[in-house]
Amino acid sequence: MRRLAAFVGALAFFAVSLSAGEFELRFQEVDSPEHPVFSLLSSRSLRLRQRPAGTTLPESSGQDPWYYQVLLGLERLHAMMTPSERTLYIDAGDGFRLLDEQPLSGTPVRWSTEWGTRRALLFGPLSMRKEGREVNVRVIVSESGHMEVFPEGFVTGDITLSGETYRVAIADANFNGRYDGIFDADGPSDTFVIDLNRDGEISPYHQWDGEIAPLGRFISVEGQYYALRPAPDGSSIRVERAEPEMGTVDSDLPGGFMAFWSDSGAHYVEFGNGPLHLPSGIYQPLLLGLTAHDNRGQWSITANDTGSLTTFTIEPGRNIEVKFGPPLVATLDPSRHGDAITTGLSIVGRAGESYPVSAELDGRALATPSVEVFLEDGSRTAHGRFEYG
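Since we're looking at a predicted model, the values are computed, not measured.

Engineer: Explanation requested: the nonpolar core in the structure shown.
Structural biologist: Across soluble globular proteins, nonpolar side chains show a tendency to be buried alongside one another. Of all hydrophobic cores here, the largest spans 24 residues; its most connected members are Leu88 and Met128. Sorting the residues of this core by element identifies strand 6 (66-72), strand 7 (75-82), strand 8 (87-91), strand 12 (116-130), strand 13 (133-142) and strand 14 (147-151) as the ones contributing at least two each. Apart from residues lying up to four places away in sequence, Met128 is in contact with Leu72, Leu77, Ala92, Phe96, Arg97, Leu98, Leu99, Arg133, Glu134, Val135 and Val137. Grouped together as the second largest cluster of nonpolar side chains are 20 residues, Val269, Leu290, Ile301 and Phe324 included.

Engineer: Just checking my understanding: could you explain the sheet that holds strand 31 (residues 329-332) for this structure?
Structural biologist: Within a sheet, each strand pairs with its neighbour through backbone hydrogen bonds, oriented either parallel or antiparallel. Taken in spatial order, the three strands line up as 31-34-35 in an open sheet, and their pairing is antiparallel. In the strand order of this sheet, the two ends are held by strand 31 and strand 35 (354-355), each with one partner.

Engineer: Please explain unusual backbone geometry as it appears in this structure.
Structural biologist: It is generally the case that most residues other than glycine have a negative phi and that most peptide bonds are trans. Of note, the amide linkage connecting Gly124 to Pro125 takes the cis form, showing an omega dihedral of 10 degrees. The omega angle of the peptide bond from Pro326 to Pro327 is 5 degrees, so this bond is cis rather than trans. With respect to the helices and strands, the residue Pro327 is situated in the loop between strand 30 (319-321) and strand 31. With a phi angle near 55 degrees, Arg198 is a residue other than glycine that sits in the positive phi range. Mapped onto the fold, Arg198 is located in the loop between strand 17 (191-194) and strand 18 (201-202). According to the relative accessible area criterion, Arg198 is partly exposed, its value standing at 43%. With phi around 50 degrees, Glu222 is a residue other than glycine that occupies positive phi space. You can see Glu222 is positioned in the loop between strand 20 (218-221) and strand 21 (224-230).

Engineer: Honestly, the pairing of strand 22 (residues 236-242) in this entry has me stumped. Any pointers?
Structural biologist: Both faces of the sheet carry side chains from a regular strand, because those side chains alternate between them. Judged from the three bridges that link them, strand 3 (residues 22-24) and strand 22 form a sheet pairing that is antiparallel. Looking at strand 22, one finds that Phe23 is bridged to Ile237. As paired elements, strand 21 and strand 22 share six bridges and run antiparallel to each other. In the strand pairing of strand 22, Tyr225 is matched with Ala242. Linking strand 21 back to strand 22 in an antiparallel pair, the connection comprises five residues, with Gly234 at a positive phi of about 75 degrees.

Engineer: What's the story with the packing of aromatic side chains in this structure? I'm lost.
Structural biologist: Each pair of aromatic rings is reported with the distance of its centres and the angle of its planes. Tallying each qualifying case throughout the model produces six aromatic pairs. Ring centres 5.2 Å apart and planes at 85 degrees place the aromatic pair Phe260 and Tyr283 in the edge-to-face group. In this pair, Phe260 is assigned in strand 24 (residues 256-262) and Tyr283 in strand 27 (residues 281-294), connecting sequence segments 23 residues apart. Residues Phe260 and Tyr283 agree in their burial class; the two are buried. Three or more aromatic residues link up through ring pairs in this structure, and these residues are Phe260, Tyr283 and Phe312. In this structure, Arg198 packs its charged tip against the face of Tyr166, placed 5.3 Å from the ring centre.

Conventions we followed
Residues numbered from 1 in each chain as written. Predicted model: local features only at pLDDT ≥ 70, side-chain atom pairs only at ≥ 80, totals over all residues. Heavy atoms only, no water. Core = buried A, V, L, I, M, F, W, Y, C linked by side-chain atoms within 4.5 Å. Buried < 20%, exposed > 50% of the residue type's maximum accessible area, 1.4 Å probe, protein only. Helix = DSSP H or I, 4+ residues; strand = E, 2+ residues; numbered from the N terminus. Contact = heavy atoms within 4.5 Å. Pairing = 2+ DSSP bridges. Phe/Tyr/Trp six-rings, centres within 6.5 Å; stacked < 30°, edge-to-face > 60°. Lys NZ or Arg CZ within 6 Å of the ring centre and 35° of its normal.

Such coordinate-based values are descriptive only and should not be taken to indicate function.
Right, here's the structure in full:
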């Protein structure tokens, strides 16, 4: 869990209503990799083997530089870092224009994570211009050479829903200098954060409770939908009660569950009690799962690879049926390495979704399955357990 106090930094203010249903947002800068906003990363970086042709990056001068391609929203930029000099060069490409093309000097940083201490160089803020708007980012390069690019900060404030106050924040996660990027299955969006249970903490993405998700047209709080209308410059957000057009989604799979993002917000649903009513719009499944009960408790298995069950649309007044789950097919993929034979095990459902080889019991991960190998005459020739990796 992420402490909301850390997310909003030193800001402490009450909900400021500019007009009925409109609330002020303020910019909060981030200058530490320990800050939770780093988890809202939307960029993807690729370490390259050599200097990319056609860029303005300088030629190598023998310091064994690291080259990168970074995707910010729908635009690409290239970077070169010289570890010995702690210097970063950026080629912003056609989509961005650098406001200062001088090389950046990195500051050594270290911070603790659940996996141990991390060390890196922190660069920035780096100012760029995108379609007439200024975009400010920070860059962090780990000691192993992994690069990440983050928004310089986010906008945050308090909103009031049905008399209750909720802390919210929006991050420019598509790096276009705006804060109104609604979820689009074909491209990146901005990120919306809300402390729904008002416990002062922020749940991570994988909890699927909607506290962190792509920005949607709506948010649902205690069964009531509210329309979200952030100002493009992030100065405010308008929130109004809404009655979105609804459709239904159903499955022939009792015990099945799904989590998905959509332009109507984040959703987690469980099947088995008839069609589920959801706002019309575009939906992108993020995971599929199965549950069953016996005298030991509740068993569950989750597929993060949803196979052919990708983006779908729920239309007003219409039902869409999603099919996944059993029959599950287990297949082996043996390969020989000298005198040794190794094999992986894959479990695939109707939609081509891929399940792990072990299930959870009451939310606790169990050991991977054991395996025994027999010859044609029935004698056992090998035994052991599957391993991850």
